[in-house]
Structures are given as structure tokens and as C-alpha cells.
Amino acid sequence: MTEFDFQGLQKFLRHADNDQLPKSEYMKTSGYPDTYNGLKVKVGFGKGNIARVPWVAFLGFEQKMTRGIYPVFLYYRKHNTLVLAYGVSASKTADVKWNFVQTPPTIKEYFKQQNLDEPEVYRNSYVYKAYKILPNDSNYGLDEQAVFDDLEKITKQFKERFSNQTSNNPKQPKPKTSKYNTLFSIIKTKPFVLLAGLSGTGKTRLVKELAYMFCPKELQSDQSPGNYQLIKVKPNWHDSSELIGYESRINKPQYIITDFIRFIVKAWHHPDAPFFLCLDEMNLAPVEQYFAEYLSILETRFLKDDVLKSEPFISSSIFNKYEEDKEFWKELQVKKDGLKRQFKADGLTMPRNLIVMGTVNMDETTYSFSRKVLDRAMSLEIDDIDLSLGLDDTADIWEYPETPYDADLAIPQYTHGYHVADKLGNLKDEIIEYLKEVNEKLENTPFKVAYRVRDEFLLFAYNYRLQNPDAELKAILDEMTLIKILPRIEGDDDKTDVLDGLIKVFGQHNLDKSMAKAELMNDLRKANHYTSFWT
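Just so we're clear, the structure is a prediction, and the values are computed from it rather than from any experiment.

## Description of the sheet that holds strand E11 (residues 275-280)
Part 1 of the argument: The strand order across the open sheet formed by five strands is E8-E11-E14-E7-E15, and the pairing between neighbours is parallel. Looking along the sheet, the strands with just one partner apiece sit at the ends: strand E8 (228-232) and strand E15 (378-381). Between one strand and the next, the sheet's axes are offset by a mean angle of 20°, whatever the strand orientation.

Next comes the structure, spelled out in C-alpha cells:
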């Protein structure tokens, strides 16, 4: 590692001013010093397109250019001005703020004071110091000692900003109550949740409540949060056309757009806010039939350069086919040209902020879940019923919090176990050993767990520990066993007698909730010669 110095700054300025370089060469950042004063140094000249304002950022404490605060050099070439700034991310709202005794001017305010054109980007970052650049001068008109004294001071302030944090993660987002901690961890692990329980226990209400909690100001309305969509499943759904839409040739070729598709498009318009889709009474129709595309696309998700990629719900060929059809784009409610280009290139893929929650009632009118569905879902039983609640005139009043909950509490950060395995330390090995014990009891049955379940255990452990840093292993195993192991077990007496062995394993690990549920299922097995998690 090499330390950033004045030569590195000169190299950066020379590079930034070199208009003769081909685009691919101009955007290269290799060969620059990568540390300064204990912080990581990142240099940027653009990604995909040439940056209007090249930068040198000094990062630490898990702060990022896309979401966070950081000291940064910003070179406004058009104005021959180099700004040393208290950087604030522009693409996503920072989770923390700079602590100022007296707030300095923003870059926008500074440019106005100097009678300069409005800055192209980073308008809301704050000016620590601005330097006039002389491109023809060997030192660009800069005083090396003065510039690096300034850099030393601002990086010191940056470190002091986080000096009182109890860990190296300054975000530590905390909801206003711990009531939702487990649910947040479940959603971040897999954004497809089955809410099971007796009819009337508030499952649908819970989804809407979450939407209220996370709804950004621009989507709030008196009718319903703009980040919420209720879709009532119909018993006659046996294919995906009611959700994904379809091409029709009646009168003229056209693509029939659905509420489901419009909601996904809307989520792409607001990528920093969690969007909650509630499929009400999800198992009134066979889920694996009408929801097949979603179940498959869910498993194609992967991260590339911190961007979620997936297979599309609607292929790019459809968007290109109807490129000139104004009614098509109007029905989709696409408002940004950038999204039009994205859909034409990639199709309508899964947005990172889409969270699907299905309510489930198990009775003679509904379908049971196939293992394909259960393998891909997180199952949560809602059985906390207080009959004394909801009897006053505030029961139907919905309110937005004064400040929306931090989106990072609900939007998945990682998609696979290997993303978090190294972050879990010994916890990873303990979880895997537990799953091996479970699989020994499930040997020669269709209930054995594999890599998908292992990954979800690891992801849940990571997300749960973010909310509950002191959580014990048994709490993690207990929650995930209820979510992923026991819902798989269903069938006749001779198929589900594995419960006897599982109960012993749960007891050895002190998994109180899982053991109680397993014993109830076992009692039903013995009494009825059949059992299920859902009965």
C-alpha cells in the first residue's frame, strides 16, 4: 500500500485535465496511492460515462461514495476549482451526518457566493476549503503544505465523527421498537415471506403497517402508502397471466399490463425505498403455477458491482417491440428515459427493493404449499393474538412516522451465503454443524436441507446480528428452524416420524419455540396419523 501525497494529487489533476485520452483510458484509476491517514483512498474519473467532476475520496467506517459521508477532493474543471469537501453521498441518503459546530456553506451556496454557475454535481456536500487551480503551473497553483494541512485536519474530523461508535459500523440502524427486529432480518434474508396464521390475526394489516413505516415523504398520501400494493389472489388463477400480463392480438397486437407489473416499475422509480407487495390469501390458487416466474427469478438474483441483477419478468424483446407504442409506456407508467433504456436493454428485472409478502390461511378451501415454494420462501407464523386490542376509535387510524424508517433495515444487502460467511466467524461453523445434525435426522426423507437453506441460515444470522449484536446462537437457530426446517415437514405418520429425532436435537440446543412447535406437530401426527406445520 502506498500513502496518498502531493504527487498523487498532481497526478490526479493531470489525469483529470487530459482531454486527449480515449474514454476507456481516461476512466482507469490504477496506479494511484490507496491509503491516507489510515483511510482508504478511491479515485474516480467516471464509470460508464466520463465524470463531470473527478474526485479523490477518503473512506472508512463502512462509508461509501454511494451512501455515506467522507472527506473528498472534487475537481470542478469547468471552473478551475478544486474543493476539499465534507462529502455527502448524492445517489442515496447518508445514514449518518457530519457533526458541525457551525455549518459550512454547501458547494451550491459557495458557488453562488463566488458568482459561478451552479455546480454540476455534489451540490449538497459542504466546503471545507476551495483552491483556485492554475493548469499551466507546475504545482497547479497549490501550496503543498497548506493543502495537506487542510487534508490532515478534515480527515481527523472524519475520524472523530466516529470515535464514539461502539463498533466500526457507524450505521447501526435501530428501529423505534424491537418488535420488528426479527421480521426485518427475515425480509433482508429473503424478500419473499409467507405470513401464516388464523384468519383475522392481522397478517394483511402487518404488511401495510410496514409500508407506512418505510414510506418516503414523496410517496405518502391519505389513501395508502405509495410503496404498498394489495393484490387479492383468485381461486381460478392457474397461470401467471394475471400477474405478469400477456400479449394480446385482439384488435391489434398489445401487451396487457397488470398492477403487479406497474408496481415493479414504480419500485424501479424509487430504488431507495422498500416496496411491499401483499398477495392476500395467497394459497387460494396453486402458488407454484400462477407465481412460477417470480419463484424462478427470485433464485436468479446475483450482485454485480453492488447492483442486483436477475432474469426478467418481461423480456427486453417486448419493450423493443412496443418501443413506439405510446399507450404501452403510458400503461407501464414509465416516467424516466433512463428506465426506458434499461428495460429495452435488460427487460423488467427484479428491483432490489421489492418485498413480496403473502398471507396464508389453511383450511379446506385452500391449497397446501409445494416444497418448491417452501424452499424459496421464508415462513412466519403469526399467532400473537391479544383480544383486548383494537377496540377504541384509533384502531383504523394509519399514521406515517415523523421520519421514515431506514430503508437498509428492509432492503436485502446480500443474496448468497458466501457474501457473509467470512463476516460470521465461528458462528458460520456452528450453524453448519447444527444443520448437519438436522440432516442426520432427516436422512432418507424428502425433508433434508441443502445449500439454499444453508445460505439462508447464514444470511439470517448476519442480518439478525446487525439488529441484535448480543444475540446468542440458540436464538438464531430457533428462529430459522421455525422459518425453514419445520414448515417442510408434512405428511402421513410413517413419513413424519422424523419429528421424534428432531425434537431431541432441538432440546440439545435449547430451541424452546421450535421444540414446542415440533411437539405440537408430533401430537397431531400421533392423533391423526398426519401432520403439518400449517395445521
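## Side note on the confidence of the model for the protein
Part 1 of the argument: Here the protein averages 88 in pLDDT, while 93% of its residues score no lower than 70.
Part 2 of the argument: Considering only residues more than four positions removed or in separate chains, one finds that residues 166-177, a stretch of pLDDT under 50, has 31 contacts.

## Overview of the side chain of Thr182
Part 1 of the argument: By secondary structure assignment, the location of Thr182 is in helix H5 (residues 181-189).
Part 2 of the argument: Beyond its immediate sequence surroundings of up to four residues, Thr182 is in contact with Phe460, Tyr464 and Glu479.

## As for the pattern of salt bridges
Part 1 of the argument: Summed over all chains, the structure comprises 22 salt bridges.
Part 2 of the argument: Residue Lys78 is joined to Asp117 by a salt bridge in which the shortest nitrogen-to-oxygen separation is 3.4 Å. One end of the pair, Lys78, is in the loop between strand E4 (69-76) and strand E5 (81-88); the other, Asp117, is in the loop between helix H3 (107-113) and strand E6 (126-132), with 39 residues separating them in the sequence.
Part 3 of the argument: Note on Asp117: relative accessible area 44%, which makes it partly exposed.
Part 4 of the argument: The closest approach of N and O atoms between Asp259 and Arg262, which form a salt bridge, is 3.1 Å. A residue pair is termed a helical-turn pair when its members lie 3 or 4 positions apart in one helix, as Asp259 and Arg262 do in helix H8 (residues 259-269) at three residues.
Part 5 of the argument: Connected through shared salt-bridge partners, Lys190, Glu299, Asp375, Arg452, Glu456, Lys484 and Arg488 make up one network.

## Considerations on the packing of aromatic side chains
Part 1 of the argument: According to the stated counting rule, one finds 45 aromatic pairs in the structure shown.
Part 2 of the argument: Consider the rings of Phe61 and Phe158, whose centres lie 5.6 Å apart with planes at 70°: the pair is edge-to-face. Taken together, the residues span a long stretch of sequence, with Phe61 in the loop between strand E3 (49-59) and E4 and Phe158 in helix H4 (residues 144-161) at a distance of 97 residues.
Part 3 of the argument: Given a relative accessible area of 28%, Phe61 falls into the partly exposed group.
Part 4 of the argument: Members of the aromatic cluster, joined through ring pairs, are Phe61, Tyr86, Trp98, Phe100, Tyr126, Tyr128, Phe158 and Phe162.
Part 5 of the argument: Of note, Lys11 hangs over the ring of Tyr32, and the distance from its end group to the ring centre comes to 4.5 Å.
Part 6 of the argument: Between Lys517 and the ring centre of Phe533, over which it is positioned, the NZ or CZ distance is 4.7 Å.

## Focus on the side chain of Lys188
Part 1 of the argument: One can find Lys188 in helix H5.
Part 2 of the argument: Residue contacts for Lys188: discarding those within four places in its chain leaves Asp408, Leu409, Ala410, Ile411, Pro412, Gln413, Tyr414, Asn463 and Leu466.

## Some points on the packing of helix H16 (residues 426-441) against helix H19 (residues 499-508)
Part 1 of the argument: Running from N to C, H16 and H19 cross one another at 160°; their axes reach a closest spacing of 9 Å. Taken together, H16 and H19 sit at an angle that is classed as roughly antiparallel. Considering only the axes of H16 and H19, their crossing is right-handed. For the pair H16 and H19, contact is made by Tyr434, Glu437, Val438 and Lys441 and by Gly501, Leu502, Val505, Phe506 and Gln508, respectively.
Part 2 of the argument: For the contact of H16 with H19, a count of residues per class yields five nonpolar, two polar and two charged.

## Side note on the nonpolar core
Part 1 of the argument: Grouped together as the largest cluster of nonpolar side chains are 116 residues, with contacts concentrated most on Phe192, Leu194, Phe260, Phe291 and Met357.
Part 2 of the argument: The element that contributes the greatest number of residues to this core is helix H17 (residues 451-467), accounting for eight residues.
Part 3 of the argument: Setting aside chain neighbours within four positions, we find Phe291 in contact with Phe192, Leu243, Phe260, Leu279, Met282 and Val356.
Part 4 of the argument: Judged by nonpolar contacts, the second largest core, of 36 residues, contains Phe6, Phe12, Val41 and Phe45.

Each value, and the rule that gives it
- Residues numbered from 1 in each chain as written.
- Predicted model: local features only at pLDDT ≥ 70, side-chain atom pairs only at ≥ 80, totals over all residues.
- Heavy atoms only, no water.
- Pairing = 2+ DSSP bridges.
- Helix = DSSP H or I, 4+ residues; strand = E, 2+ residues; numbered from the N terminus.
- Axes fitted to C-alpha atoms, helices over the stretch in contact; angles between N-to-C directions.
- pLDDT = per-residue confidence, 0-100.
- Contact = heavy atoms within 4.5 Å.
- Salt bridge = Lys/Arg side-chain N within 4 Å of Asp/Glu carboxyl O.
- Buried < 20%, exposed > 50% of the residue type's maximum accessible area, 1.4 Å probe, protein only.
- Phe/Tyr/Trp six-rings, centres within 6.5 Å; stacked < 30°, edge-to-face > 60°.
- Lys NZ or Arg CZ within 6 Å of the ring centre and 35° of its normal.
- Parallel < 35°, antiparallel > 145°, perpendicular 65-115°, else oblique.
- Left-handed = near helix turned anticlockwise from the far one by under 90°.
- Nonpolar A, V, L, I, M, F, W, Y, C, P; charged D, E, K, R; others polar.
- Core = buried A, V, L, I, M, F, W, Y, C linked by side-chain atoms within 4.5 Å.

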